[in-house]
Amino acid sequence: MRTAVNKIIVYLLLLLPFLGSCIGEGDLDCDQSEFGSEQSLTLRFLHNINPDYSNTIRDVIDYIDLYLYKESGEFYQTVHLTKDELEETNYTYTTRLDPGTYRLATWMNAGEAYNIEDHEEIGTARMRVICNGERELSENTPAVFYGYDDKLYDIDYENQDVVFTISKHPVEKTINFAKNTNHIEVVAKFDRVLIEGTELDVRIVGPNGICNFVNRYVDTCPDYLYYPHTTTTQQHDLDPLFGYRYYYSHITNFTTQRLWQGDELELVITYTNYSGYPDELARFKLTDELIMQNPLYNNNYQLERYDNYRIVFYFDYDRAFTLTEITVNDWVLINQEQDL
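Residues numbered from 1 in each chain as written. Predicted model: local features only at pLDDT ≥ 70, side-chain atom pairs only at ≥ 80, totals over all residues. Heavy atoms only, no water.

**Overview of the packing of aromatic side chains**
Tallied over the entire structure, the rule returns 19 aromatic pairs. Pairing Y76 with Y102 gives two aromatic rings, centres 5.3 Å apart and planes at 70°, and the pair type is edge-to-face. One end of the pair, Y76, is in strand β3 (residues 75-82); the other, Y102, is in strand β5 (residues 100-108), and 26 residues separate them in sequence. Overall, Y76 belongs to the partly exposed group, its relative accessible area being 30%. Judged by its relative accessible area of 4%, Y102 falls in the buried class. Taken together, a centroid distance of 5.5 Å and an interplanar angle of 80° make the contact between Y271 and F321 edge-to-face. Linking Y271 in strand β18 (residues 266-272) with F321 in strand β21 (residues 320-328), this pair joins segments that are 50 residues apart in sequence. Judged by relative accessible area, F321 falls into the buried class, the value being 12%. Taken together, the aromatic side chains of F190, Y248, Y271, F284, F313, F315, Y317 and F321 make up a single cluster linked through ring pairs. (Phe/Tyr/Trp six-rings, centres within 6.5 Å; stacked < 30°, edge-to-face > 60°. Helix = DSSP H or I, 4+ residues; strand = E, 2+ residues; numbered from the N terminus. Buried < 20%, exposed > 50% of the residue type's maximum accessible area, 1.4 Å probe, protein only.)

Structure, rendered in structure tokens:
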């Protein structure tokens, strides 16, 4: 009898670690024992890196692509999530992963206008806007979004990978999307109607057609040339009472990719008269010398919150056209009559 009791005690002692692992309500290790060494990862998606700080993901999402990498940077797996799937889960996704440290790159709506390239290693992976062989674009390209580890008020968030470690407990991460695509309206106002045969060329040029998988510029990216996707003109009748100082407007609309401080993008306006002689009316660094001079866009985080800019150039004619004023979203940058 004593021998039987001793055997039972020995068995109980051997089983105690396994029994103890699931004792206690809400013990997270119980989940692990059922599925082996895997543990759950839950991602929550939102888009409030926008002017209103409001979550508008339901209005912009078509689909989301997850690119998971090992800590070393080696490709692990990709997951494609549709809008219908995510609506059913309130824009969350749950999976199970083996223990380890992972890096995640997330793109939303990277569709037919974009290519994902060299994604086998996170260090070489690229997202590229598709253009013609001369790297020229004149389309209103669909918007693409990049997902950051949610640090809404941290201006350094973009310098950090989305990194997480799977171990004993479930992991939850919030992925907050920023819009990479920008819409820029350029208005050139003149104090007289341009002579018939005059041509205005407005363009944006610079190395922002490719982003890496932490959504930063690529050193080897060549210059891309953006032409307007729409161009309109307006002629204003001279009012005998009030008059119009500027009564001819040349309006161009561009869609370009991500802007960031020091991106080297240039906005160029060229005037060619009836004789065929070209004259450069304006050349400015689009981001640093124009957009970021408005105090509303004073760092990279603010540039990612906003995506619509209206830049107005005013030209007066005195033997030749002279730039007298520039405004960015109604903020006056140059006013020669006051400042010079």
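**What to know about the pattern of salt bridges**
What the rule picks out here adds up to 13 salt bridges. R310 serves as the salt-bridge partner of E185, at 2.7 Å between the closest nitrogen and oxygen. Residue E185 is found in strand β12 (residues 182-190), and its partner R310 is found in strand β20 (residues 308-318); the two are separated by 125 residues along the sequence. For the salt bridge of R283 with E280, the shortest nitrogen-to-oxygen distance reads 2.8 Å. Taking relative accessible area as the criterion, R283 reaches 37% and is therefore assigned partly exposed. Shared partners join several salt bridges into a network, and the residues in it are E264, E266, E280, R283 and K285. (Salt bridge = Lys/Arg side-chain N within 4 Å of Asp/Glu carboxyl O.)

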